[in-house]
Structure formats: structure tokens, C-alpha cells
Amino acid sequence: MAPRLLLSPGHAPAQRITDGAELPQALQSFGLQPGDLALPSPVNAHDHGYGIRTLDFGVVDDALEVWIPGLRLRPRTDPYLEALVAFGRLAGTGVGATMHCHNSLNVDRLVDEAHAVMRAALDIGIRLALSCPLLDHDAWAYDGGPQRLRPFLSQDDWQALAGTIPSYAPIHTQLAAVEAVAAANTSPLIDVQYGPIGPQWCSNALLEAIAEASALHDRRIHMHLLESPRQRIWLDRRFPEGVVTYLDKIGFLSPRLAIAHGVQLSPDECELLAERGVQLVSNPSANLRLRSGIAPIVSTIKPGRPAFAIGLDGTGLDDDQDLWREMRLLYLLQGGRSLTRRLTAQNVFDAAIRVGGQVINANEAEDFTIIDYRALIAEALFDDVDEAEVLLTRMSARHATGLVVAGREVMRQGELTGVDFDAALSELLAQARADLPRLEKQRPLVKALSEATRTYYAGWPGIA
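Here the residue index of a chain counts from 1 through its sequence in written order. Under the rules for a predicted model, residues below a pLDDT of 70 receive no local features and side-chain atom pairs below 80 are neither given nor counted, while totals for whole chains, interfaces and linings still include all residues. Side-chain descriptors were evaluated using all non-hydrogen atoms of the structure, hydrogens and water having been removed beforehand.

Asker: Describe the overall build of the protein chain, with residues and values.
Answerer: Runs of E in the DSSP output that reach at least two residues are strands. Runs of H or I that reach at least four are helices, and both are numbered from the N terminus. When you go through the protein chain residue by residue, the secondary structure sums to 17 helices and 15 strands. The principal-axis extent of the C-alpha atoms belonging to the protein chain is close to 70 × 50 × 45 Å. The 464 residues of the protein chain split such that 58% are buried. Under the convention used here, a 1.4 Å probe and the Shrake-Rupley method define accessible areas, while residue burial counts only the protein chains that appear. For the protein chain, the accessible area works out to roughly 19,000 Å², and carbon and sulfur atoms hold 52% of it. We treat Lys and Arg as the positive residues and Asp and Glu as the negative residues; His and chain ends play no part in the count. We put the charge of a Lys on NZ, of an Arg on CZ, of an Asp on CG and of a Glu on CD. Positive and negative side-chain charges of the protein chain, numbering 42 and 57 respectively, have mean locations separated by a distance of 4 Å. Exposure categories follow from relative accessible area, calculated using a 1.4 Å probe and restricted to protein chains: below 20% of the type maximum is buried, above 50% is exposed, and the middle band is partly exposed.

Asker: Now, about the side chain of D435: what can you tell me, with residues and values included?
Answerer: You can see D435 is positioned in the loop between α16 (421–434) and α17 (436–458). Looking at D435, the relative accessible area reads 11%, which means it is buried.

Asker: Summarise the pairing of strand β13 (residues 400–405); cite the residues concerned and give the values.
Answerer: Counting buried positions along β13 gives 5 out of 6 residues, so the element sits mostly inside the fold. Across 4 bridges, strand β12 (residues 368–372) lies against β13 in antiparallel orientation. Paired with T369 across the bridge in β13 is L403. Note: two strands are recorded as paired if DSSP finds a minimum of 2 bridges between them. Relative to strand β14 (residues 408–412), β13 is paired through 4 bridges, and the arrangement is antiparallel. When the sheet's bridge partners are listed, G402 is paired in β14 with R412.

Asker: Summarise the sheet that holds strand β15 (residues 415–416); cite the residues concerned and give the values.
Answerer: Strand order in the open sheet formed by 7 strands is β2-β1-β3-β12-β13-β14-β15, and the pairing between neighbours is mixed. Here the strands that pair on one side only, and so sit at the sheet edges, are β2 (15–16) and β15.

Asker: Residue-level account of the pattern of salt bridges, with values.
Answerer: Here, a salt bridge means any side-chain nitrogen of Lys or Arg that lies within 4 Å of a carboxyl oxygen of Asp or Glu. Here the structure, examined in full by the defined rule, presents 26 salt bridges. Bridged by salt links that share partners, the residues R4, R16, D383 and E387 form one connected network.

Asker: Kindly report on the pairing of strand β5 (residues 97–101), identifying the contributing residues and their values.
Answerer: For β5, a buried count of 5 out of 5 residues is recorded, marking the element as mostly surrounded by other parts of the structure. Side chains of β5 alternate between two faces, with A97, M99 and C101 and T98 and H100 buried alike. Two elements, strand β4 (residues 43–47) and β5, share 3 bridges in a ladder whose sense is parallel. Within β5, the residue paired with V43 across the bridge is A97. Bridge count between β5 and strand β6 (residues 127–134): 5 bridges; the pairing is parallel. Within the sheet, the bridge partner assigned to M99 lies in β6 and is A129.

Asker: Please give an account of the packing of aromatic side chains that cites residues and values.
Answerer: Only Phe, Tyr and Trp rings are paired, with Trp represented by its six-membered ring, and only when their centres lie within 6.5 Å; those with planes under 30 degrees apart are stacked, over 60 edge-to-face, the remainder tilted. One pass over the structure, following the stated rule, counts 8 aromatic pairs. For the pair F239 and Y246, a centre-to-centre distance of 4.7 Å together with 25 degrees between the ring planes defines the contact as stacked. Note on accessibility: F239 and Y246 belong to one class, buried. Placement of a positive charge over a ring is assigned whenever Lys NZ or Arg CZ falls within 6 Å of the ring centre and within 35 degrees of the normal to the ring plane. Just above the ring of Y80 sits the side chain of R119; from NZ or CZ to the centre is 3.9 Å. For R237, the ring lying beneath its charged end belongs to W460, and the centroid distance is 4.3 Å.

Asker: Mind laying out the layout of surface pockets, listing which residues take part and the relevant values?
Answerer: If you roll a probe as big as a water molecule over the atoms, it shows you where there is empty space left. Volume-wise, the second largest pocket comes out at about 370 Å³. Around the second largest pocket sit 21 residues that line it, and P40, I353, N363, A365 and E366 are the ones nearest its centre. The element best represented in the lining of the second largest pocket is helix α13 (residues 345–359), accounting for 4 residues. Tallied by class, the residues present in the lining of the second largest pocket amount to 11 nonpolar, 5 polar and 5 charged. Two kinds of site are reported from a 1 Å grid over the protein atoms alone, namely cavities, where a 1.4 Å probe fits but cannot get out, and pockets, open sets with protein on both sides within 12 Å along at least five of seven lines, and residues are called lining when an atom falls within 4 Å of a point. Grid points are joined across faces, edges and corners, and a volume is the space filled by probe spheres set on the points. Charged residues are taken to be Asp, Glu, Lys and Arg, nonpolar residues to be Ala, Val, Leu, Ile, Met, Phe, Trp, Tyr, Cys and Pro, and polar residues to be all remaining types, Gly included.

Asker: Explain the domain arrangement of the protein chain to me, using residue names and the numbers behind them.
Answerer: The start and end points of each domain follow an automatic or database-based domain assignment. Under the domain assignment, the protein chain is made up of domain 1 (1–39 + 368–405) and domain 2 (41–365 + 414–459). The straight-line distance from the C-alpha centre of domain 1 to that of domain 2 is 31 Å. Defined here as a combined quantity, buried area equals the accessible surface (1.4 Å probe) lost by two parts on assembly, summed across both. Ranking the residues of domain 1 by area buried against domain 2 places L392, L403 and V405 at the top, with a combined share of 34%. Our count for the contact surface shared by domain 1 and domain 2 stands at 0 salt bridges. What qualifies as a polar contact is a pair of N or O atoms within 3.5 Å, subject to a donor-acceptor requirement within protein and to the restriction that residues adjacent in sequence count only when both atoms come from side chains. At the surface where domain 1 touches domain 2, the tally comes to 12 residue pairs in polar contact (both at pLDDT 80 or more). Among the secondary structure elements, those contributing two or more residues to the side of domain 1 that touches domain 2 are β12, α15 (387–394) and β13.

Asker: Tell me about a nonpolar patch on the surface, and please be specific about residues and values.
Answerer: Residues L381, F382 and V385 make up a contiguous nonpolar surface patch of about 390 Å² in total accessible area. Tracing the backbone through its elements, the reader meets L381 in the loop between α14 (373–376) and α15. For L381, a relative accessible area of 81% translates into the label exposed. Patch membership requires more than 30% relative accessible area and the absence of a salt bridge. Residues of like charge join within 9 Å; the nonpolar side chains Val, Leu, Ile, Met, Phe, Trp and Tyr join within 5 Å.

So, in C-alpha cells, the structure goes:
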């Protein structure tokens, strides 16, 4: 079976390769084998770099706001090692690029932690967009912050938690830290972006400053937007004209912006975002697991406009960072019920490759994933089925056997070439387990905070 090159999944069938000279330069030294299929690598366009996954430190899925306090139980580990394992998992599935939304809330540590994350990406060999966190508003609870939860906590629990209420650096200090991270970056494989966590956690002054800085420095912005029903309710109260209209008014909406989730977007808001060239990153598994709903993806598809990308958000369907399954889930969820499919294979692969490249600011990337296509069609009676449809029906991470990023061989025969992944994971787990005494003391407080959060939002009008 001749190897195949699928340069435009969903647009045209694969080319059967009979001479290595027909391959792109980046693949000529790799040596495709009979039964292989090479295609442009998909981009994980929204993630958080969880080396230790949330379930492993005891956090089960829940409604988003109730789930967030559980992140306090993340073990204290080396940020380089945490990122190395997270990026290694992705590369091992054939994903050559990722958007990493960094989780640190301490601006004084941001430059050092960002350097560690960037070093990890380069050691693995993947492309990286690094979204630097920015926030200064309403920690813990919308519409008032931590004090809103105090009535639902015991006096002892409140006293224990009060010392952890965050204080935020001035806006100019936060923005300067992002520029310092960018100035320290010398790799063409890495793009540094502004990362406002979400409008519910940002003051108007911070949002306006980010919009101005983005235009001034031509730097991209990556932000969560309208993920949960509670966010929809609160942002409608805070911005009577609509949060998307407000963002447009301050110059925040542009082709430099990508928004993650967007589950609660209205049709009019989707239309405005599309008009401004904003990319929406869909995270179907995360939105299902955290009970936020299903994003209105189909309404974002407009001829000639950026549409949507796809991200794992650290919470894939099987908790295994398999972007291929995520693509399948989105394909099925958004297919509709009519005789003609609403979302096509072309739409999904354009999202994962072309629009994902926009989100990480790597439009000209020539990265390739090699797949054991023979295994996918081992029992097929016909060999003329559209390869894109085969991939969306059967492809999973285990079928990815090779990865080439910017001409570098990152994975071959299912093994990473630049790092010892098993050793890195073993060391990361050892560091995490060493932090268990602290985590065991914190668990009751985290549970109390989660339940206080649940009680607080249960009292909101319109919350079921």
C-alpha cells in the first residue's frame, strides 16, 4: 500500500506517493512507509498544560464555578517538568502545536515560569502560543468576590481561607510582565500573547488597557468568554449593552483575538465576532464535563471569514488529551438532524489546522503528523472512501506514529525523540506525591469552598 499525503483534508483526496521527491521538504528525510498517511498537524488551540491532570489530584467534574476551587489542590511541582509532561503527551498523540493558557496568578513569578514553559516546549519540539494570565476583579465569586461566599462558610473555614484571597498587581505591572516574557522569547516556534482570563475576572480598566496594548504591539489576545450559564447571567447584569458589544466598543474585537468556549453566545454576538475576524475556540468535552453546554459552532461559519478552532482545555473526553477524538466529538455534536450535514469534514479539519494556526500565530507552519492508515482501513472492502471521513470516524491518538515540526523529527514510531517522557512523568509524580501532606490538609477547605460556591449560585434567579 503506497504511502499517502493528505494536504487538504476534506477538500481533496490524498495523493498516493510513488516517489519521495513528491513529498514536502519537511517530510523527505522522514521516510514514509507503506500504509502511512501524512497530513498537516492539527493545533490544540486552547489548553492549560496539565502535567498532573485534575482527576489525579482528586477533582471530579462539576459545574464550572464549583469545580474551579478544586484547582487549589494542584500539587506544587517544577513548572518546567509540568509543562514537559503536558506537551509530551500532546506530541505523543501527533499534535504539533498548542495554545498554553498559563495558570500562575503571581505576576512576580510569571517571567521565570514562562521561561520554564517555553523551554519545555522547545525541548519537546512543538510550537507554542503562551497566553500570559491577566486579571484583577471578582475573585472566587462573580458580583462581589470572596465576601459573597462568607455567609456560606463556617467562621473557622472563612478565617482559614481569608488569607488566600488574592491581591492583584497594578494593570501596568501586569502588562509589563507580558512584554518582559515576550522580550525574552527568541524562538520562532513560540508566540507570546495577552491572556485576560475572562471579562468576569477583569475590570473595565484592564480590558481597555489590553485592547490598547494589543493594537500598539500588534500582539494577539486569548481569552475565555461566556463559558457557563452563570457567566452569561452576571455579564448581562454588568454590561447591559451586552459584553460582546462592550468589547467591540473598546476596540477589543479584531482578528488578533481568539475566544475560548463561547457556549452562551447569542446569534447576534456570533455574527459580530465573525464580522470582526475573531476566532472562536470550541472545547466540546470540557463544556460537557463541566456542564456548560454545547457551543453554537455552526452559526460561526461564514464564507471567507475565520470560523472556529478546536482545543482540549486539559479535559478531553477520555481524559487522555486526544485531539482526534475531540474533533470527532465536535463533528457528531454539530452534525444536526437534517438530511444534509450542517458541519462537514472540511469544516472540522479547517478548524483544527488552518484556524488553529491563526490562534497560535503560525499561519505558515509546515508541520506534519504521520498516521498508520493501514490500521484504520485494515478491514475495508473499498479503498476510495474520503480519508478525512475515515479519520473522523476511526482516528485516535494511538494511530499517530510520527510527528515533524519545522523540519524536526519530534516523534517516530510512537516514541518522542527529544526527551525521556516516562522519566519526566515519574519525576513529576514524585514531586506531586511529596506535596501530599499539604494537600490532605487543604482538601476539607477546598470542599467547603466548593459547596459555598454551589450554595451562592443556587440562590441566583434563573439558576436551576
